[in-house]
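# A look at the structure
What follows is the residue order along each chain.
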Amino acid sequence: MVKKKTDNIILQAKNLKKTYKPSKENIVHALNNLSLDIKEGEIVAIMGPSGSGKSTLLNMFGILDKPTSGKVVIDKKDIYKERKSEYPQIRSEMVGFIFQQYNLIPTLTVLENVTLPLRYSRVKKGSAKRRALKILEEVGMKERAKSRPTQLSGGQQQRVAIARALINNPAIILADEPTGNLDTKTGDEIIEMMVRLNKKTGQTFVIVTHNPDVTRIADRVIHLRDGKLEKIR
Amino acid sequence: MFEILRNMFRRKLRTTLTIFGIVIGILALVVLGSLAEKMNLMMKGGEKFLTGQISVSSGAPSNEGGNPFASSGFLTQDKIRQIEKVNGVKAVQAGVETPYVDPDKKDGGGISFGAPPTIMGSDLNSTFENVNWKTLAMKSGRMITRGDKGVVVVGSDIATDKKLYTNDTMKIGGKDFKVIGVLEKTMTGPDSYIFMELGDSREVLITQNPTLKDLRDKSTSAKKTLADPSFKYLSPEVQAQIKQAANFNDEDIITGASVSWKDGVDPEKLSKDIKDKVQGVKTLSPADGKKMIQSISVLMNAVIVGSALIALVVGSLSVINTMIMSVSERKREIGVKKAVGAHDRHIIKEYLIESSAIGLLGGLLGLGIGSLIVFSINKMTESSNIQVFQVTPRLAIGALIFSITLGAVAGLYPAWHAARINPVAALKEE
């Protein structure tokens, strides 16, 4: 089944600012009054040089880092107006993460890694397992359900990480350099998978990347520089 | 549970050494605690006994009618009669208690735990009954009763040591006694007692005590002289000496008395009344007895168990250290867990469970090894009829609960520290 893209704005950054003060004299403007709308079902690539604010923006979208000022609105909800104690719940329901270093838990099996988010949502074990096996089948890792991450290649680990990101069926998938640690061929496979999943589920993908292959499949490419939007392609 | 074990044994050597620290502490607690428990059991038996009667013994010296025993450590028949007359007294039982001198153990060497072997003679004509301890369970035969003479009932430790059974003969004080009963093990005083009729025990005491034997011999001779017509021709001083010597009466050799009280009578008040109305006696009321036992017990437990607790506190410090290192090594994982929806409380719970599991593992191993040590020592001393240690269910369960709690408490700070980790910073860590 292919889900059609909509015009519904699923993710908004409104006048986002993030300022760090590593010392009295040194003030860093990681994000400088940035505003951005992302539609439901889009694949958006975010590019920029080191220190442009890409990861900071992603952390704010992921409810991991509160802005100094401004808003992040996910599915019409002003996230940072909610109570801090609610952030983990909102995060698990609305956002899925894919990291450059995969970040699988080494002492857990593939299945346990994928069901990890469900543990914190109090989903019953049986139901969690069924869901996880279904998603692992989607990403081609069902046969390795009982393996440990150390027994997998980089590409396989990233597939598992993608499955974990999808398990709660979040509206948005945030990927920070998902192909950064992979060879070209494996990286292409991962990109293909994300495109396929995007088409199938209609989930929005926001991908921070240096990989030009990602920009080719993206609906939009956003360039940042010094915490500001430079251009949108 | 498997995930917890996997996490614990990521660093096998470190976790093993940490668990070992708890093992040593729990092992010390189990071994020393079982020593305390054995003594507690004995104390409990003693408390039960002492709170079931008023115990009377000879108090401040007094010289009544030239009776040599009035100023000695003995009660006299006269005092027994006086006690009986005190308002509230239901029954009084005179008794003679004396150590049992085993003819087969000349040097009396070796260490003895618990009550030493003791001859307990009691007036079988008395209607006295200890409120808490009316009967003792018999393993074989029967208890001594009114009319018995020349017979004994032995405690289980005595029977084991001397290989005695009902209908056997036992030599005490050079005389043969028939064993008419063997008691069940009580884990307390009676295990080392030999029960006999009052007159028999008195005879044993005199036989074992050269001074008393001498006094009796002199008394017998003095009584003969008194009856002789030539007595009146003796000087007044000699007559007085002979009269004094003749005053010796076997029946006045009473080492202590047990007193029961009438229904509705306050034994504490009665104890005080006896002391006030009968000169030269000391009383131990039920409350006095309880206090005495408890103060010994508290002190003993504190010393024994306190030393084990010190070992445990040291062990718990290694748990804290291990968990802090574990948190530090797993910072990125904590960041990931928070990123996928873990609350602070989830992180705290995971680390508390892990530290509690370390405590539990250490507790189980410590309990197992400690129990084995206790069993081995008891087995080695079995032939000498000594059981020094007692691993009670209370001790075993207490040790396990304590080890789990110790682990949990040791994990509190590391768990709190883990929960406070900033996920953004954690995810950046190498």
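No experiment lies behind these values; they were computed from the predicted model shown.

### Digging into the overall build of chain A
The helix and strand tally for chain A stands at seven helices and 10 strands. Against the 2.2 N^0.38 benchmark of 17 Å for 233 residues, chain A shows a C-alpha radius of gyration of 18 Å, consistent with a compact globule. C-alpha extents for chain A along the principal axes are approximately 55 × 40 × 40 Å. Taken across its 233 residues, chain A has 54% of its residues classed as buried. Here chain A carries 42 positive and 25 negative side-chain charges, and the mean point of each set is 5 Å from the other.

### Regarding the interface of chain A and chain B
On the side of chain B, 20 residues touch chain A, which itself brings 25 residues to the contact. Summing both sides of the interface, chain A and chain B together bury roughly 2,000 Å²; the carbon and sulfur share of this comes to 57%. If you sort the residues of chain A by the area they bury against chain B, A:L64, A:T107 and A:Y120 come out on top, with a joint share of 30%. Applying the counting criterion to the chain A and chain B interface returns two salt bridges. Taken together, chain A and chain B are joined by nine residue pairs in polar contact (both at pLDDT 80 or more). Listed by contribution, the elements that provide at least two residues to the side of chain A that touches chain B are α2 (87-94) and α3 (110-120) of chain A. With five residues, α3(A) is the largest single contributor of residues to the side of chain A that touches chain B. In the side of chain A that touches chain B, the residues fall into 10 nonpolar, eight polar and seven charged.

### What about the packing of aromatic side chains?
A full pass over the atoms with the stated rule returns four aromatic pairs over all chains. Ring plane angle 85° and centroid distance 5.6 Å describe the contact between A:Y80 and A:Y87, whose orientation is recorded as edge-to-face.

### Some thoughts on unusual backbone geometry
Trans peptide bonds make up the majority, and among non-glycine residues the majority have a negative phi. Residue and element names in this part refer to chain A. Backbone geometry at E177 places phi at a positive 50°, although glycine is not the residue there. For E177, the location among the structural elements is in the loop between β7 (172-176) and α6 (184-201). Taking relative accessible area as the criterion, E177 reaches 13% and is therefore assigned buried. Look at D226: it is not a glycine, yet its phi comes out positive at around 50°.

### A few points about the pattern of salt bridges
Enumeration according to the criterion identifies 31 salt bridges over all chains in this entry. We note a salt bridge from B:D176 to B:K171, for which the minimum N-O separation is 3.2 Å. Using a relative accessible area of 46% as the deciding quantity, one classes B:D176 as partly exposed. The salt bridge involving B:K338 is made with B:D344; its shortest N-O contact spans 3.2 Å. Taken together, the salt bridges that share partners define one network made up of A:R119, B:K337 and B:E350.

### Side note on empty space enclosed by the protein
Within the structure shown, the criterion is met by one cavity of 30 Å³ or more. Roughly 70 Å³ of internal volume is contained in the largest cavity. Lining the largest cavity are A:R91, A:S92, A:V95, A:G96, A:F97, A:P117, A:R164, A:A165, A:I167, A:N168, B:A339 and B:V340. Of all the elements in the fold, those that place two or more residues in the lining of the largest cavity are α2, β6 (95-98) and α5 (154-166) of chain A. For the lining of the largest cavity, the element with the most residues is β6(A), which contributes three residues. Its residues assigned to classes, the lining of the largest cavity comprises seven nonpolar, three polar and two charged.

Thresholds applied
Residues numbered from 1 in each chain as written. Chains lettered and ligands numbered in written order. Predicted model: local features only at pLDDT ≥ 70, side-chain atom pairs only at ≥ 80, totals over all residues. Heavy atoms only, no water. Helix = DSSP H or I, 4+ residues; strand = E, 2+ residues; numbered from the N terminus. Rg over C-alpha atoms; globule rule 2.2 N^0.38 Å. Buried < 20%, exposed > 50% of the residue type's maximum accessible area, 1.4 Å probe, protein only. Lys, Arg positive; Asp, Glu negative; His and termini not counted. Charge placed at Lys NZ, Arg CZ, Asp CG, Glu CD. Contact = heavy atoms within 4.5 Å. Buried area = accessible area lost by both parts, 1.4 Å probe. Salt bridge = Lys/Arg side-chain N within 4 Å of Asp/Glu carboxyl O. Polar contact = N/O pair within 3.5 Å; in protein donor to acceptor, adjacent residues only side chain to side chain. Nonpolar A, V, L, I, M, F, W, Y, C, P; charged D, E, K, R; others polar. Phe/Tyr/Trp six-rings, centres within 6.5 Å; stacked < 30°, edge-to-face > 60°. 1 Å grid on protein atoms, 1.4 Å probe; cavity = no way out; pocket = protein on both sides within 12 Å on 5 of 7 lines; lining within 4 Å. Points joined across faces, edges and corners; volume = space filled by probe spheres on them.

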